[in-house]
Every structure is written in structure tokens, then in C-alpha cells.
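In case you want the letters, here they are:
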Amino acid sequence: QVQLVESGGGVVQPGRSLRLSCAASGYNFNNYGMHWVRQAPGKGLEWVAVIWYDGSNQYYADSVKGRFTVSRDNSKNMVYLQLKSLRAEDTAIYYCARSGGLHLVNWGQGTQVTVSS
Amino acid sequence: DIQMTQSPSTLSASVGDRVTITCRASQTISSYLAWFQQKPGKAPKLLIYRASSLESGVPSRFSGSGSGTEFTLTISSLQPDDFATYYCQQYDSYPWSFGQGTKLEIK
């Protein structure tokens with residue numbers, strides 16, 4: 001079955017960087033786009049970024065554009081989210097999710113990122 | 001960017017009730033709308049995609065309808081497991097966006 005496992009979260013100071021990873025298994029990773037979605041404490045879901053199945057295109061939420069970068073390594077079934085210039089408002093659980101055609105289908109369990117001095 | 005607005009924000013209901021949640025898009029999104037259920041401490045779970053297509057394994061008491069800018073999620077007879085928060089999400093164009101959520105509470 002499809003499994004997505006995020007890692008790399010933690011506590012980081014404002015202005016610093018962090019790289020999140022998502023390991024995918026149970027399906028043909030090369031065929032599907034991958035997304036990142038986050039959820040601030042007690043808040044709703046916010047779509048963050050997408051990378052196409054072949055890495056040829058990426059799109060970002062306005063709130064992270066220019067600071068976050070999504071990438072993937074199809075040889076390792078991995079997708080990454082590089083977070084730079086972190087702010088307190090980036091504190092959230094970050095989920096990776098798989099596209100099923102167009103819509104989101106499978107989600108990981110999430111990794112917590114806390115930005116605090 | 002497309003804004004998604006759900007109503008109500010909170011809904012109190014009893015087991016066996018029929019409930020409806022509404023989601024409105026700020027511009028037309030055709031049928032590119034999904035519904036998710038989220039329970040505390042858990043990842044969201046896909047219920048409905050393409051506005052009205054039931055995801056495999058999701059009970060048939062869940063149904064979705066609508067197109068263009070107005071959509072609904074209906075639960076025909078609430079079960080104890082259904083008390084959770086529900087989100088709509090548009091995937092018509094980037095940046096994708098979610099509604100603010102509807103918390104379904106036990107009356």
C-alpha cells in the first residue's frame with residue numbers, strides 16, 4: 001500500500017533553514033506529482049507547493065514563494081522541501097501528499113516544524 | 001488566486017442526522033473540488049474528488065455535489081466516527097487552496 005513518511009522537522013531559530021524529506025513507497029513514484037501541505041497549530045490546511053512527476057515544474061503558495069524550494073529524486077523515491085528564511089508563522093505540521101491524477105490522494109503523517117528563538 | 005469559503009464553521013448534530021456543508025469558490029473551478037475529513041492528530045483523509053466521486057473505501061453515506069462555484073458535502077446519516085473537521089479544496093488552478101474547515105460536533 002502507499003506509504004509516505006516525512007522527516008526532518010524540528011525547532012529552528014527565525015531566519016534559519018531546514019530541509020524536510022518525504023520517503024514514498026508502495027506505488028510507481030515516477031508517475032505522480034507530489035505536494036506539501038501545512039497546518040499551523042489549531043488552524044486549517046494550507047497548500048504549500050507541488051512538484052510534477054518528472055520535476056519539470058514547481059508551483060508555490062504566495063506565502064512561501066522565494067523562500068521554499070521543492071525538489072525530488074526519482075531514483076530514491078524521495079521528495080524534499082527546503083525551507084529558508086524561516087519565520088514564526090511557518091510553524092506548522094508539514095505533510096507530503098501524493099497526486100492521484102489531479103487531486104490529492106495519500107498523505108503522510110506529517111513532521112512538526114517550530115520556528116522559535 | 002481562488003478563495004474557498006465553507007459554511008458553517010461549526011455544526012452541531014446528532015447521530016442519525018443528515019448534515020450538509022457548503023463550499024463556495026471565488027471563481028469558477030468546474031468540478032475540480034475535493035473534500036477531506038480530518039480527526040485530531042491525524043492526517044486528512046480524502047472523501048470525495050471531482051466534486052461528486054466517492055473515494056474507494058469511503059462509506060456511501062458521504063456524497064458530494066455541485067459545479068462551478070458552489071458545492072456541498074452531505075452525510076446522509078451521521079455515525080459516531082463522522083465527528084471530525086471537514087475541508088473542501090480546489091485543484092482547478094495553482095495556487096491550490098482549502099476552505100477554512102467545518103468542525104462537526106456532537107450535539
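Residues numbered from 1 in each chain as written. Chains lettered and ligands numbered in written order. Predicted model: local features only at pLDDT ≥ 70, side-chain atom pairs only at ≥ 80, totals over all residues. Heavy atoms only, no water.

Asks: So what exactly am I meant to see when it comes to the packing of aromatic side chains here?
Replies: Two descriptors summarise a pair of aromatic rings, namely the distance from one centre to the other and the angle between the planes of the rings. For the structure shown, the criterion picks out 14 aromatic pairs over all chains. With centroids separated by 6.3 Å and ring planes inclined at 55 degrees, the aromatic side chains of Tyr27 of chain A and Phe29 of chain A adopt a geometry described as tilted. Using a relative accessible area of 1% as the deciding quantity, one classes Phe29 of chain A as buried. Taken together, a centroid distance of 5.7 Å and an interplanar angle of 65 degrees make the contact between Tyr32 of chain B and Tyr91 of chain B edge-to-face. Of this pair, Tyr32 of chain B sits in the loop between β3 (19–25) and β4 (33–38) while Tyr91 of chain B sits in the loop between β9 (85–90) and β10 (97–98), placing them 59 residues apart in sequence. In this structure an aromatic cluster arises from ring pairing among Trp47, Trp52 and Tyr59 of chain A together with Tyr32, Tyr91, Tyr94 and Trp96 of chain B. Over the aromatic face of Tyr27 of chain A sits the side chain of Arg98 of chain A, whose NZ or CZ is 4.7 Å from the ring centroid. Its end group placed over the ring of Tyr32 of chain A, Arg98 of chain A keeps NZ or CZ at 4.4 Å from the ring centre. (Phe/Tyr/Trp six-rings, centres within 6.5 Å; stacked < 30°, edge-to-face > 60°. Buried < 20%, exposed > 50% of the residue type's maximum accessible area, 1.4 Å probe, protein only. Helix = DSSP H or I, 4+ residues; strand = E, 2+ residues; numbered from the N terminus. Lys NZ or Arg CZ within 6 Å of the ring centre and 35° of its normal.)

Asks: Just to check I follow, could you spell out the state of the cysteines for this structure?
Replies: By definition, a disulfide links the sulfur atoms of two cysteines through a covalent bond. With the rule as written, the count across this model stands at two disulfides over all chains. Note that Cys22 of chain A is cross-linked by a disulfide to Cys96 of chain A, the S-S spacing being 2.0 Å. When the S-S torsion is 50 degrees, as for the bridge of Cys22 of chain A with Cys96 of chain A, the disulfide is right-handed. Residue Cys22 of chain A is located in strand β3 (residues 18–25), and its partner Cys96 of chain A is located in strand β9 (residues 92–100); the two are separated by 74 residues in the primary sequence. Among the residues examined, Cys96 of chain A registers a relative accessible area of 0% and is labelled buried. The disulfide partner of Cys23 of chain B is Cys88 of chain B, and the S-S distance across this bridge is 2.1 Å. Disulfide Cys23 of chain B-Cys88 of chain B: torsion about the S-S bond near 70 degrees, hence right-handed. Placement of Cys23 of chain B in strand β3 and of Cys88 of chain B in strand β9 is noted, with a sequence separation of 65 residues between them. (Disulfide = S-S within 2.5 Å.)

Asks: What exactly am I supposed to notice about the sheet that holds strand β8 (residues 78–83) of chain A here?
Replies: Backbone-to-backbone hydrogen bonds pair the strands of a sheet. The strands run either parallel or antiparallel. Residues and elements named next belong to chain A. If you trace the four strands from one edge of the open sheet to the other, you get β1-β3-β8-β7, paired in antiparallel fashion. Every interior strand has two partners, whereas the edge strands, β1 (3–7) and β7 (68–73), have only one. Ignoring strand direction, the axes of neighbouring strands in this sheet form an average angle of 15 degrees. Bridge count between β1 and β3: five bridges; the pairing is antiparallel. Bridged to Val5 within β3 is Ala23. (Pairing = 2+ DSSP bridges. Axes fitted to C-alpha atoms, helices over the stretch in contact; angles between N-to-C directions.)

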